[in-house]
Amino acid sequence: MMIIMLVKQMVLGLSIAAPIGPINIEIIRRGIFQGFWPSLLVGAGGMSADLVLMFFMYKGLSGILTLEAVQFLLLVLGAFILTYTGFSGLRQPASLSEPVMDMREDSPVSYEKKSLLHAYVTGASIAAFNPLNLLFWLGIYGSVLSDTFADENKLRAFIVSSAVFLGIGLWNLNLAFTVQFGKKLLTPRMLQGICTAASIVLIGFGGYFAWKAVLKVIVFM
């Protein structure tokens, strides 16, 4: 019975992570430009934000997230982060083999560390301030995870809930590997086109959130 429950939660995690959204778009874009580890760390950052969000929902955050002022703030932050990330992608160098760096300022090792940290922070920021992601987790928490946390055996509840994030992690790992090996089959022009399209999609998400924020302001007025 426990194994069946774990499998169900893992499948839930896979289904949560699979739909194309800002995180998946950034994983693909980062994987093409910077390689496997930055791509994987975008997903890891998103998972970290989701885990923190789930914890705070367990502590009662769900009621706060339904407030209009909070939703407006999230829309503004989400619009800014996604738009900024998208435009940063459009400014990437034309060469997709290695990122451009100034050797006078950074060593290759320190640059790589900064790149990995930036990838992680980007993933965490996109997940934390994406209103669609927050609303999605509200629904998941309300329908599934709240029952899990109601289990008197807290260790079992923790293990079962962790299976959701294991499923998300497996999807992120699969996507990062797919991009890493798949990009070798594409020409530089095709890779550049994919990255440009991914950046434009992120800007589109940012514009959508900005428009939703404007609509809320109009309603308030």
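Just so we're clear, the structure is a prediction, and the values are computed from it rather than from any experiment.

**Describing the overall build of the protein chain**
Secondary structure summary: the protein chain contains 9 helices and 0 strands in total. Counting from the amino terminus, helix and strand elements in the protein chain follow one another as α-α-α-α-α-α-α-α-α. Considering the protein chain as a whole, with its 221 residues, one finds that 39% of them fall into the buried category. Nonlocal contacts in the protein chain, meaning residues at least 24 apart in sequence, comprise 84% of its contacts between residues at least 6 apart. Carbon and sulfur atoms form 73% of the exposed surface of the protein chain, whose accessible area is close to 12,200 Å².

**Digging into the confidence of the model for the protein chain**
Of the residues in the protein chain, 79% reach a pLDDT of 70 or more, and the chain-wide mean stands at 79. When mean pLDDT is compared element by element in the protein chain, helix H2 (residues 22–34) scores highest at 90, while helix H7 (residues 131–149) scores lowest at 66.

**Structural notes on the nonpolar core**
Membership of the largest hydrophobic core comes to 18 residues, with the highest contact counts inside it found for Ile23, Ile27, Leu82, Ile126 and Phe209. Those elements that provide at least two residues to this core are H2, helix H3 (36–58), helix H5 (68–90), helix H6 (108–128) and helix H9 (188–220). With 5 residues, H9 is the single largest residue contributor to this core. Excluding residues within four positions of it along the chain, Phe209 makes contact with Leu75, Gly78, Ala79, Leu82, Asn130, Pro131 and Leu132. One finds Ile16, Trp137, Val164 and Phe165 within the second-largest nonpolar core, a separate group that totals 13 residues.

**Considering the packing of H2 against H5**
Axes are the key here: two packed helices are described by the angle between their axes and the distance separating the axes. The geometry of H2 relative to H5 is characterised by a closest axis approach of 12 Å and an angle of 25 degrees between their N-to-C directions. Considering the angle they form, H2 stands roughly parallel to H5. H5 is crossed by H2, and the crossing has left-handed handedness. Here Pro22, Glu26, Arg29 and Phe33 of H2 come into contact with H5, specifically with Leu82, Thr85 and Gly89. Considered class by class, the residues forming the contact of H2 with H5 number 3 nonpolar, 2 polar and 2 charged.

**Digging into the environment of Ser88**
With respect to the helices and strands, Ser88 occurs in helix H5. In the structure, Ser88 is positioned 111 residues away from Ser199 in sequence and 8.0 Å away in space, judged by C-alpha atoms. Within polar-contact distance, the side chain of Ser88 engages the backbone oxygen of Tyr84 at 2.9 Å.

**Some remarks on the pattern of salt bridges**
Within this structure, the stated rule accounts for 3 salt bridges. For the salt bridge of Arg29 with Glu26, the shortest nitrogen-to-oxygen distance reads 2.7 Å. In this pair, Arg29 and Glu26 both sit in helix H2, 3 residues apart, roughly one turn of the helix. Using a relative accessible area of 3% as the deciding quantity, one classes Arg29 as buried. Using a relative accessible area of 0% as the deciding quantity, one classes Glu26 as buried. When the shortest N-O distance is used, the salt bridge between Glu68 and Lys216 registers 2.9 Å. Of this pair, Glu68 sits in helix H5 while Lys216 sits in helix H9, placing them 148 residues apart in sequence. Taken together, the salt bridges that share partners define one network made up of Glu26, Arg29 and Arg30.

**Some words on H5**
Compared with the 33 Å implied by 1.5 Å per residue over 23 residues, the 33 Å span of H5 between its first and last C-alpha is a close match. All of the buried residues along H5 are Leu74, Leu75, Gly78, Ala79, Ile81, Leu82, Thr85, Gly86, Ser88 and Gly89.

Quick notes on the rules
- Residues numbered from 1 in each chain as written.
- Predicted model: local features only at pLDDT ≥ 70, side-chain atom pairs only at ≥ 80, totals over all residues.
- Heavy atoms only, no water.
- Helix = DSSP H or I, 4+ residues; strand = E, 2+ residues; numbered from the N terminus.
- Buried < 20%, exposed > 50% of the residue type's maximum accessible area, 1.4 Å probe, protein only.
- Contact = heavy atoms within 4.5 Å.
- Areas by Shrake-Rupley, 256 points an atom, 1.4 Å probe, with all protein chains shown as cover.
- pLDDT = per-residue confidence, 0-100.
- Core = buried A, V, L, I, M, F, W, Y, C linked by side-chain atoms within 4.5 Å.
- Axes fitted to C-alpha atoms, helices over the stretch in contact; angles between N-to-C directions.
- Parallel < 35°, antiparallel > 145°, perpendicular 65-115°, else oblique.
- Left-handed = near helix turned anticlockwise from the far one by under 90°.
- Nonpolar A, V, L, I, M, F, W, Y, C, P; charged D, E, K, R; others polar.
- Polar contact = N/O pair within 3.5 Å; in protein donor to acceptor, adjacent residues only side chain to side chain.
- Salt bridge = Lys/Arg side-chain N within 4 Å of Asp/Glu carboxyl O.
- Expected span 1.5 Å × (residues − 1).

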